[in-house]
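Residue-level structure breakdown
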Amino acid sequence: MPTKIEVLATLQLVDQSLRAKTRTVAEGEGRVAALEEAVSAQTAAASAARVELAALGARQRDLEGRLAAAEAKMKDRRMRITRIRNDKELGLARREVDLLKEEIGTLETELMAVMEQVEGATAKLSGLAAELARLAAERDREASELRETLARLSTEIERERATRSELVQTIDGDLRRKYEMIFSRRGGLAVVEVRGGICQGCRMRVPPQLFNQIQRNAEVILCPSCQRMLFWRAEGEEASG
Ligand SMILES: [Zn+2]
């Protein structure tokens, strides 16, 4: 018949294993969720960049059309000038050609600027698309890793939970709650060994009188400095533990 502290020490092994496994699963889920979020943010950024590029492309085509029209018109007016004999008409036609020249100059400047913007927006979009592809691949890799982890651990977790509930039935309710409280507050370490009179949880020396009590293993003794439950093994067993 194992003592109370021996049962608690066994329970702790199960709990530590369960804790590590559920953490592994939670961490995997967290990574997948974070990547999922990054992928959707990147998707939104890429589609905004695509819309921006489309608008710039439309503006470029519009300017090119207007420029071609103005150039054609100027060519036509210049041809007409050669046939004008009237001075007044000639003056008006030359004035019109000057205005067209001005318009063409303005359109060319504007078109150059838009073409530069198109170039910038194209580079930006291809950068965003590359990053999106990288993030999506990483998300897929993490998701498949998580599926493997779940497949591997869920059976073990289930089995350990069953073991845990069996063990817990043999422990008095108050003692179990106390153990669980210490386990959660003390970083998953509630039951610690005393070796050579020293608590392995906090490295403090246990008073000799208390040490004698612990060795009897009759009841659960708490370490006076770290409040963990103290466990003692006979010298011969120490090495194997
Ligand atoms: Zn201690």
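In short, a report on the structure. The shown structure was predicted, so the numbers you read here are calculated from the model rather than taken from an experiment. As a convention, each chain's residues are numbered from 1 in the sequence order in which they are written. It should be noted that, the model being predicted, local features are given only for residues of pLDDT at least 70 and side-chain atom pairs only at 80 or more, the latter also being counted only at that level, while totals for whole chains, interfaces and linings use all residues. For side-chain calculations, the full set of non-hydrogen atoms in the structure is used, while hydrogens and water are omitted.

So, on to the coordination of the zinc ion. The textbook angles at a metal center are 109.5 degrees for a tetrahedron of four donors and 90 or 180 degrees for an octahedron of six. Cys199 (SG), Cys202 (SG), Cys223 (SG) and Cys226 (SG) make up the full set of protein donors to the zinc ion, lying at 2.3 Å. Water is not among the atoms examined, so metal sites may look incomplete; donors are the N, O and S atoms within 2.8 Å of the metal, or within 3.2 Å for Na, K and Ca. Here the donor residues of the zinc ion are spaced in sequence according to C-x2-C-x20-C-x2-C. One end of the pair, Cys202, is in the loop between strand E2 (198-199) and helix H4 (208-216); the other, Cys223, is in the loop between strand E3 (221-222) and strand E4 (229-231), with 21 residues separating them in the sequence. With a 1.4 Å probe rolled over the protein chains alone, any residue whose accessible area is under 20% of its type maximum counts as buried; one over 50% counts as exposed, and the rest are partly exposed. Judged by relative accessible area, Cys202 falls into the partly exposed class, the value being 24%. Numbering of helices and strands starts at the N terminus; helices are DSSP runs of H or I of at least 4 residues and strands are runs of E of at least 2.

Multiply 1.5 Å by the residue count of a helix minus one, and that product is the helix's expected span. With 83 residues, helix H2 (residues 87-169) should cover 123 Å at 1.5 Å per step; its first-to-last C-alpha distance of 116 Å lies within 8% of that length. Note that the bend at a residue is defined as the angle between axes fitted to the seven residues ending at it and the seven residues starting at it. Along H2, the largest kink reaches about 35° and is centred on Leu153. Sitting at the amino-terminal end of H2 is Asn86, which places a side-chain oxygen 2.7 Å from the backbone nitrogen of Lys88. Residues adjacent in sequence count toward polar contacts only when both atoms are side-chain atoms; beyond that, a polar contact is any pair of N or O atoms within 3.5 Å, and within protein one must be able to donate a hydrogen and the other to accept it.

A few words on the pairing of strand E1 (residues 191-195). When you tally the buried positions in E1, you get 4 out of 5 residues, the bulk of the element. Strand pairing requires that DSSP identify at least two bridges connecting the strands. Relative to E4, E1 runs parallel, the two sharing 3 bridges. Note on E4: the bridge partner recorded for Glu193 is Phe231. Alignment of E1 against E2, held across 2 bridges, turns out to be antiparallel.

Spatially, the 4 strands line up as an open sheet ordered E2-E1-E4-E3, and their pairing is mixed. Because the sheet does not close on itself, it has two edges, and the strands there are E2 and E3. Contact between two residues is taken to exist if any of their heavy atoms lie within 4.5 Å; hydrogens are not considered. Here an angle of 0 to 180 degrees is reported between the N-to-C directions of two axes, which are lines fitted to C-alpha atoms, with helices fitted over the stretch in contact. Packing against the sheet, helix H3 (residues 173-185) makes contact with E1, E3 and E4, and its axis sits at approximately 100° to E4.

What follows concerns the packing of helix H1 (residues 4-81) against H3. Following both chains from N to C, one finds H1 and H3 inclined at 45°, their axes separated by 11 Å at the closest point. Considering their axes alone, H1 and H3 lie oblique with respect to each other. Viewed along their axes, H1 and H3 form a crossing whose handedness is right-handed. Along its contact with H1, which presents Lys4, Leu8, Leu11, Gln12, Asp15, Gln16 and Arg19, the element H3 presents Leu175, Tyr179 and Phe183. Each angle is binned into one of four classes, with values under 35 degrees roughly parallel, values over 145 roughly antiparallel, values of 65 to 115 roughly perpendicular, and all other values oblique. Helix crossings get a hand from a simple test, with the near helix turned counterclockwise from the far one by less than a right angle marking a left-handed crossing and a clockwise turn marking a right-handed one.

Examined against the element boundaries, Glu142 turns out to sit in helix H2. Among the residues examined, Glu142 registers a relative accessible area of 8% and is labelled buried. Within the local environment of Glu142, its side chain forms a polar contact with the side chain of Arg31, the two groups lying 3.1 Å apart. The residues touching Glu142, leaving out its near neighbours within four places in the chain, are Arg31, Val32 and Leu35.

Bear in mind that shape data such as this cannot, by itself, settle questions of function.
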